[in-house]
Amino acid sequence: MGGSGMDRAGLARWIDEHYRVAPDFPWRDHPRYAVFRHSGNRKWFALVMDLPRSKLGLAGDGRLEIVNLKCDPLLIGSLRGEPGFFSAYHMNRERWISVALDGSVPGETLGMLLAQSYAATAPKARR
């Protein structure tokens, strides 16, 4: 993954390599919105969207690709002030965070957050 950030295609490759999960595209009116889910419980661990920059509080026209990830609430608090991190768009802001896929977030950081999101949404082990 390296120190540089990753784009939408790099994220999909990383998820495929680590979790063997392909995206699905559940919304006809948003054909580029991709959901990555666990095969067992069908819970999402990543949602990729391209949003108008204004929806994220950013200046300028155009769109920004982001991924929503489930995240530890304490970590969310410290990440929100960092470049490339935003309050979760259209998700529970205490438990999810939006991360830019424009290269501003290092690949290692995104990989760590993906692993956390995957673990947090995994099927619960039966006792």
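Refer to the structure printed above.
Rules behind the numbers
Residues numbered from 1 in each chain as written. Predicted model: local features only at pLDDT ≥ 70, side-chain atom pairs only at ≥ 80, totals over all residues. Heavy atoms only, no water. Axes fitted to C-alpha atoms, helices over the stretch in contact; angles between N-to-C directions. Helix = DSSP H or I, 4+ residues; strand = E, 2+ residues; numbered from the N terminus. Parallel < 35°, antiparallel > 145°, perpendicular 65-115°, else oblique. Left-handed = near helix turned anticlockwise from the far one by under 90°. Contact = heavy atoms within 4.5 Å. Nonpolar A, V, L, I, M, F, W, Y, C, P; charged D, E, K, R; others polar. Phe/Tyr/Trp six-rings, centres within 6.5 Å; stacked < 30°, edge-to-face > 60°. Core = buried A, V, L, I, M, F, W, Y, C linked by side-chain atoms within 4.5 Å. Buried < 20%, exposed > 50% of the residue type's maximum accessible area, 1.4 Å probe, protein only. Pairing = 2+ DSSP bridges. Salt bridge = Lys/Arg side-chain N within 4 Å of Asp/Glu carboxyl O. Polar contact = N/O pair within 3.5 Å; in protein donor to acceptor, adjacent residues only side chain to side chain.

Quick notes on the packing of helix α1 (residues 8-19) against helix α3 (residues 107-120)
Then comes step 1: Remark: α1 packs on α3, axes separated minimally by 12 Å, with the N-to-C direction vectors making an angle of 55 degrees. In this view, α1 runs oblique relative to α3, as classed from their interaxial angle. When the axes of α1 and α3 are compared, the crossing they make is right-handed. In contact with Leu11, Trp14, Ile15 and Tyr19 of α1, α3 contributes Leu110, Gly111, Leu114, Ala115 and Tyr118.
Then comes step 2: Grouping the amino acids of the contact of α1 with α3 by side-chain chemistry returns 8 nonpolar, 1 polar and no charged.

A word on the packing of aromatic side chains
Then comes step 1: Considering all chains together, one arrives at 7 aromatic pairs under this definition.
Then comes step 2: On the basis of an interplanar angle of 80 degrees and a centroid distance of 6.3 Å, the ring pair of Trp27 and Tyr33 is categorised as edge-to-face.

Examining the nonpolar core
A general trend in soluble globular proteins is that nonpolar side chains are found buried together.
Then comes step 1: In this structure, Leu11, Ile15, Val67 and Val99 are the most contacted members of the largest nonpolar core, which totals 24 residues.
Then comes step 2: When residues of this core are traced back to their parent elements, those giving at least two are α1, β1 (34-37), β2 (44-52), β3 (63-70), α2 (73-79), β5 (96-100) and α3.
Then comes step 3: Here the element with the most residues in this core is α1; it accounts for 4 residues.
Then comes step 4: Core analysis: the next-biggest nonpolar cluster, separate from the first, contains 11 residues, Tyr33, Met49, Ile66 and Tyr89 among them.

Observations regarding the pairing of β3
Then comes step 1: β3 sits mainly inside the fold: 6 of its 8 residues count as buried.
Then comes step 2: Here β2 pairs with β3 via 7 bridges, running antiparallel. Residue pairing in the sheet places Asp50 in a bridge with Glu65 of β3.
Then comes step 3: Of the pairings in the sheet, the one linking β3 to β5 comprises 5 bridges and is antiparallel in character.

Section: unusual backbone geometry
Then comes step 1: You will see that Arg20, though not glycine, has its phi angle at about 55 degrees, which is positive.
Then comes step 2: Relative accessible area serves as the criterion here: at 62%, Arg20 is assigned to the exposed category.
Then comes step 3: Despite not being glycine, Arg42 shows a phi value in the positive range, around 65 degrees.
Then comes step 4: When you line up the elements, Arg42 lands in the loop between β1 and β2.

With respect to the environment of Leu74
Then comes step 1: Its place among the elements puts Leu74 in helix α2.
Then comes step 2: Given a relative accessible area of 74%, Leu74 falls into the exposed group.
Then comes step 3: Taking the C-alpha atoms as reference points, Leu74 and Ala46, 28 residues apart in sequence, are found 19 Å from one another.

Some remarks on the pattern of salt bridges
Close approach of charged atoms allows side chains with opposite charge to pair.
Then comes step 1: A complete count under the given rule lists 6 salt bridges for this structure.
Then comes step 2: Shared partners join several salt bridges into a network, and the residues in it are Arg8, Arg32, Asp50, Arg63 and Glu65.

Focus on the side chain of Arg37
Then comes step 1: In this structure, Arg37 sits in strand β1.
Then comes step 2: Residue classification places Arg37 among the buried positions, given a relative accessible area of 18%.
Then comes step 3: At a separation of 2.9 Å, a polar atom in the side chain of Arg37 contacts the side chain of Asp24.
Then comes step 4: Leaving out residues up to four positions away in the same chain, Arg37 has contacts with Val21, Asp24, Pro26, Arg42, Lys43, Trp44 and Phe45.

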